[in-house]
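Commentary on secondary and tertiary structure
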Amino acid sequence: MKSIVILISGRGSNMEAIVRACASEVWPARIAAVISNRPGAAGLDFAARHGIATLVLDHKGFASREAFDAELQRVIDGFSPDLLVLAGFMRILTPSFTAHYAERMLNIHPSLLPAFTGLHTHARALEMGCKFVGATVHFVTADLDHGAIVAQAVVPVIAGDDESSLSARVLKLEHRMYPRAVRWFVEGKLAIVDGVVRQSDGEAQAFS
Ligand code: GRF
């Protein structure tokens, strides 16, 4: 049985999709804890209602990024996770933290990486006249929103779209894609070869 720790900062809808899939599909895994850096993150209530340990570690109480990440690592490691899942966790992580969880930390980013790292991805894609937007699940490295790509979801841009309509359509796909990617990891079905992630059953890593 694999142990998963999920980090959130807010709504937590991707965390919710993962928790539900883990239970309904009976993964060989359990969600050991959901940790937020923001007190009052909406997702904490859902996790607590589902019997999952929840913790808040407010970054505002720390003098430096290094001090926060060191304490976060200590708290996470108390749950001995096999996998750390970032689900809307709005923090830039220190190299020491990312090295500690190398190849066992996933993130979901709302763009077709390597395009549009950082914030406001859908608005920037619209400004650039992109005809497709999407989301990417990737392993986390010290380089923000980079790291080997596990899965991508693509959504066409249609007339009248704005940031909120796009993010709503992409989010629906995120909720299908992220649980699948996490399940692949816990079932040992992901391999990184020369920086490229392969799914060993040959399942499609593209979602639409
Ligand atoms: C998602 O759009 C995800 O791609 C991005 O932050 C958002 C988190 O939403 N990293 P939620 O907290 O999972 O609802």
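Residues numbered from 1 in each chain as written. Predicted model: local features only at pLDDT ≥ 70, side-chain atom pairs only at ≥ 80, totals over all residues. Heavy atoms only, no water.

Residues in contact with the ligand, as listed here, are Arg11, Gly12, Ser13, Asn14, Gly88, Ile108, His109, Pro110 and Glu174. A distance of 2.8 Å separates an oxygen atom of the ligand from a polar atom in the backbone of Gly12. Here an oxygen atom of the ligand sits 2.9 Å away from a polar atom, N or O, in the main chain of Asn14. Relative to its unbound accessible area of 370 Å², the ligand is 84% covered by the protein chains. (Near = heavy atom within 4 Å. Polar contact = N/O pair within 3.5 Å; in protein donor to acceptor, adjacent residues only side chain to side chain. Areas by Shrake-Rupley, 256 points an atom, 1.4 Å probe, with all protein chains shown as cover.)

In this structure, Pro114 follows Leu113 across a cis peptide bond, with omega equal to 15°. With respect to the helices and strands, the residue Pro114 is situated in the loop between strand E5 (105-109) and helix H5 (121-127). For Val26, which is not glycine, the phi torsion reads 50° and is therefore positive. Within the secondary structure layout, Val26 lies in the loop between helix H1 (13-24) and strand E2 (29-36). (Helix = DSSP H or I, 4+ residues; strand = E, 2+ residues; numbered from the N terminus.)

Now for the layout of surface pockets. For the largest pocket, the calculated volume is near 1000 Å³. Residue lining of the largest pocket: 39 residues in total, with Gly88, Met90, Ile108, Pro110 and Leu119 positioned closest to the centre. Of all the secondary structure elements, the ones that give two or more residues to the lining of the largest pocket are H1, E5, H5 and helix H6 (163-186). Classifying every residue of the lining of the largest pocket by side-chain character gives 14 nonpolar, 17 polar and 8 charged. The two domains that each donate at least three residues to the lining of the largest pocket are domain 1 (1-101) and domain 2 (107-208). (1 Å grid on protein atoms, 1.4 Å probe; cavity = no way out; pocket = protein on both sides within 12 Å on 5 of 7 lines; lining within 4 Å. Points joined across faces, edges and corners; volume = space filled by probe spheres on them. Nonpolar A, V, L, I, M, F, W, Y, C, P; charged D, E, K, R; others polar. Domains from an automatic or database assignment.)

This part is about the domain arrangement of the protein chain. Here the protein chain is partitioned into domain 1 (1-101) and domain 2 (107-208). Of the residues lining the interface, 22 residues belong to domain 1; the matching set on domain 2 comes to 17 residues. Broken down residue by residue, the surface that domain 1 buries against domain 2 is led by Asn14, Trp27 and Leu86, which jointly contribute 29%. In this structure, the connection of domain 1 to domain 2 is made through 1 salt bridge. (Contact = heavy atoms within 4.5 Å. Buried area = accessible area lost by both parts, 1.4 Å probe. Salt bridge = Lys/Arg side-chain N within 4 Å of Asp/Glu carboxyl O.)

What describes a pair of aromatic rings is the distance from one ring centre to the other and the angle between the planes of the rings. The full count for this structure, using the stated rule, is 4 aromatic pairs. Plain terms: the ring middles of Phe62 and Phe68 are 5.4 Å apart, the flat faces sit at 75° to each other, and that makes the pair edge-to-face. Given a relative accessible area of 26%, Phe62 falls into the partly exposed group. By relative accessible area, Phe68 is classed as buried at 1%. (Phe/Tyr/Trp six-rings, centres within 6.5 Å; stacked < 30°, edge-to-face > 60°. Buried < 20%, exposed > 50% of the residue type's maximum accessible area, 1.4 Å probe, protein only.)

With that settled, the discussion passes to the sheet that holds strand E6 (residues 132-139). Whether parallel or antiparallel, the strands of a sheet pair through hydrogen bonds between backbone atoms. On the basis of which strands lie adjacent, the open sheet formed by 8 strands has the order E3-E2-E1-E4-E5-E6-E7-E10 and mixed pairing. Two strands bound the open sheet, and with one partner strand each, they are strand E3 (53-56) and strand E10 (206-207). In this structure, strand E1 (residues 2-8) lies alongside strand E4 (residues 83-86), joined through 4 bridges in parallel fashion. Counted as the bridge partner of Leu7 is Leu86 from E4. (Pairing = 2+ DSSP bridges.)

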